[in-house]
Amino acid sequence: MKIVCLYTDKGGVSKTTTAPNIAASLKNAFPASKVGLMDLCSDHGHLSKRYAPNKENELLGAWAIVEALIDPRLRRDGSNVERAILSSTTPLRVVPGTTGEGGCVDFINVGVGLSHNLRGARIFGSAEDAKKFGEEFTDAIERVLGLDYMVVDLPGMVDEAMVRSVLPHCYAVTIPMDVRCYMNMAEAEVLVQKLQSMDVDVSGFLRTFVEDGEATPKAQTGADMVLAGLSRNTGVPVLPGGIPDRRILPQSIEPEFAVEGGPAEVGLYIMAARKELNGNQRGVLQRTIVAVEGAMKAMLAEADALAASK
């Protein structure tokens, strides 16, 4: 299983919005692959609040998986881990026009109380402990769900328990950079150093909120210059393209639950297929889909190059 994530300690850079669409583009590009999407943004869990099929799943989520792995009483019965994973997982349809679960990803829901529950867990005391747990955690998910790829939405706290657990096992870690404002780019070099100290390879910088019109805003031009310098200093490439500015996208990117118990239909792929969108909106969404899929392929290409160099 290859774990893919966008990671940064800055908010508002389109990380959570882009994550399900990266998962959608993976499923669209590799239809035979099993793709998972995990929300590990503890205490917030925006994806879980939106896509969990019921309140119980929203609140329990991945904490049930963690608890089944660290509680000695629950570990005695190995089936507890499998039950916890299956009860925290729901299908999300991301490719329109498919039947059954053919166009679905498995959404693994975090539970908004995960961080609070983890504060007393001794198993996360050291970086090595956290990394070891992360291996067990991700191996269990891969074993039970049979995933080829998993896209993870992580909170922007490098010292948070599940961040320290999962990040070292990611195949592609890309740092999104908001080109509307280059002030945060000065801090990105420190973030790269922190990640490298955790044995995390950064696959690239991904430009977000990119204006795709004929005229490039001055702020974006300045940001690109700063980003080029940052790339030279860190050795981390700037991925080609970027995620477009979504100000002109329709605001109603909400899940559509089909019949009760059926998968929610989510992501830009399903939005692009909706009949109520006008031609301009459909065009904007289609360009965004192409950009997201291009970003996903660039992330994997850089991760492949890093893996081959080792």
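A few points on the structure. These numbers come from a predicted model, not from an experiment.

What counts, and where the lines are drawn
Residues numbered from 1 in each chain as written. Predicted model: local features only at pLDDT ≥ 70, side-chain atom pairs only at ≥ 80, totals over all residues. Heavy atoms only, no water. Helix = DSSP H or I, 4+ residues; strand = E, 2+ residues; numbered from the N terminus. Buried < 20%, exposed > 50% of the residue type's maximum accessible area, 1.4 Å probe, protein only. Areas by Shrake-Rupley, 256 points an atom, 1.4 Å probe, with all protein chains shown as cover. Expected span 1.5 Å × (residues − 1). Contact = heavy atoms within 4.5 Å. Axes fitted to C-alpha atoms, helices over the stretch in contact; angles between N-to-C directions. Parallel < 35°, antiparallel > 145°, perpendicular 65-115°, else oblique. Nonpolar A, V, L, I, M, F, W, Y, C, P; charged D, E, K, R; others polar. Patch = residues over 30% accessible without salt bridge, like charges linked within 9 Å, V, L, I, M, F, W, Y side chains within 5 Å. Salt bridge = Lys/Arg side-chain N within 4 Å of Asp/Glu carboxyl O. Lys, Arg positive; Asp, Glu negative; His and termini not counted. Charge placed at Lys NZ, Arg CZ, Asp CG, Glu CD. Phe/Tyr/Trp six-rings, centres within 6.5 Å; stacked < 30°, edge-to-face > 60°. Lys NZ or Arg CZ within 6 Å of the ring centre and 35° of its normal. Core = buried A, V, L, I, M, F, W, Y, C linked by side-chain atoms within 4.5 Å. Left-handed = near helix turned anticlockwise from the far one by under 90°. Pairing = 2+ DSSP bridges.

Okay, the overall build of the protein next. When helices and strands are counted, the protein shows 13 helices and ten strands. Counting the 310 residues in the protein, one finds 54% classified as buried. Of the roughly 13,900 Å² that the protein leaves accessible, carbon and sulfur atoms contribute 51%.

Between its first and last C-alpha, helix H11 (residues 218–234) extends 24 Å over 17 residues, near the 24 Å set by a 1.5 Å rise per residue. Of the surrounding secondary structure, the elements contacted by the buried residues of H11 are strand S6 (172–178), helix H10 (185–197) and strand S7 (204–210). Positive backbone phi, at 75 degrees, marks Gly235, one or two positions downstream of H11.

The subject of this paragraph is the packing of helix H6 (residues 79–87) against helix H8 (residues 127–145). Orientation of H6 relative to H8, taken along the N-to-C sense of each, is 75 degrees, at an axis distance of 10 Å. Between H6 and H8, the crossing angle belongs to the class labelled roughly perpendicular. Where H6 approaches H8, its residues Val81, Glu82, Ile85 and Leu86 are matched on the opposing element by Ala140, Ile141, Arg143, Val144 and Leu145. Its residues placed into classes, the contact of H6 with H8 shows seven nonpolar, no polar and two charged.

Looking now at unusual backbone geometry. In this structure, Ser14 is a non-glycine residue whose phi angle is positive, near 80 degrees. For Ser14, a relative accessible area of 10% translates into the label buried. Not every positive phi belongs to a glycine, and Asp199 is a case in point at roughly 65 degrees. Structurally, Asp199 is set in the loop between H10 and S7. Under the relative-accessibility criterion, Asp199 is labelled exposed at 54%.

So, about a negative patch on the surface. On the surface, a cluster of negative charge is contributed by Glu135, Asp139, Glu142 and Asp148. Here Asp139 is to be found in helix H8.

Considering all chains together, one arrives at two aromatic pairs under this definition. Both rings, one in Phe30 and one in Tyr149, keep their centres 5.7 Å apart while their planes meet at 15 degrees; by these two values the pair is stacked. Linking Phe30 in the loop between helix H1 (15–29) and strand S2 (35–39) with Tyr149 in strand S5 (residues 149–153), this pair joins segments that are 119 residues apart in sequence. Residue Phe30 is classed as partly exposed on the basis of its relative accessible area, which comes to 30%. It is Arg180 that lies over the ring of Phe209; its NZ or CZ is 3.6 Å from the centre.

In this section: the nonpolar core. Counting residues in each nonpolar core, the largest one holds 48 residues, and the members touching the most others are Tyr7, Phe137, Ile141, Leu167, Leu195 and Phe205. At six residues, the largest contribution of residues to this core is made by helix H4 (residues 62–70). Val35, Leu239, Ala295 and Met296 belong to the second-largest nonpolar core, a separate cluster that totals 36 residues.

For the rest of this paragraph, the subject is the packing of H10 against H11. Close contact between H10 and H11 brings their axes to 10 Å; oriented N to C, the two are set at 30 degrees. Looking at the two axes, H10 sits roughly parallel to H11. Of the two elements, H10 crosses H11, and the hand of that crossing is right-handed. Only Ala223, Val226, Leu227, Leu230, Asn233 and Thr234 of H11 make contact with H10, whose side of the interface consists of Met185, Ala188, Glu189, Val192 and Gln196.

Moving on, we get to the pairing of strand S4 (residues 104–108). Most of S4 is tucked away, with five of its five residues classed as buried. Along S4, one buried face is formed by Cys104, Asp106 and Ile108 and the opposite face, lined by Val105 and Phe107, is buried too. For S2 and S4, the ladder comprises three bridges, and the chain directions are parallel. Looking at S4, one finds that Leu37 is bridged to Phe107. Across five bridges, strand S3 (residues 89–93) lies against S4 in antiparallel orientation. Within S4, the position partnered with Thr90 by the bridge is Phe107.

It is worth spelling out the pattern of salt bridges at this point. For the coordinates displayed, the defined rule picks out eight salt bridges. Among the ionic pairs, Lys34 bridges to Asp106, the shortest N-O distance being 3.5 Å. Of this pair, Lys34 sits in the loop between H1 and S2 while Asp106 sits in strand S4; the two residues are 72 residues apart in sequence, bridging distant segments of the chain. Classification of Asp106 by relative accessible area gives buried; the value is 10%. Close ionic contact of Arg180 with Asp178 constitutes a salt bridge, the shortest N to O distance being 2.8 Å. The exposure class assigned to Arg180 is partly exposed, which follows from its relative accessible area of 41%. By relative accessible area, Asp178 is classed as buried at 4%.

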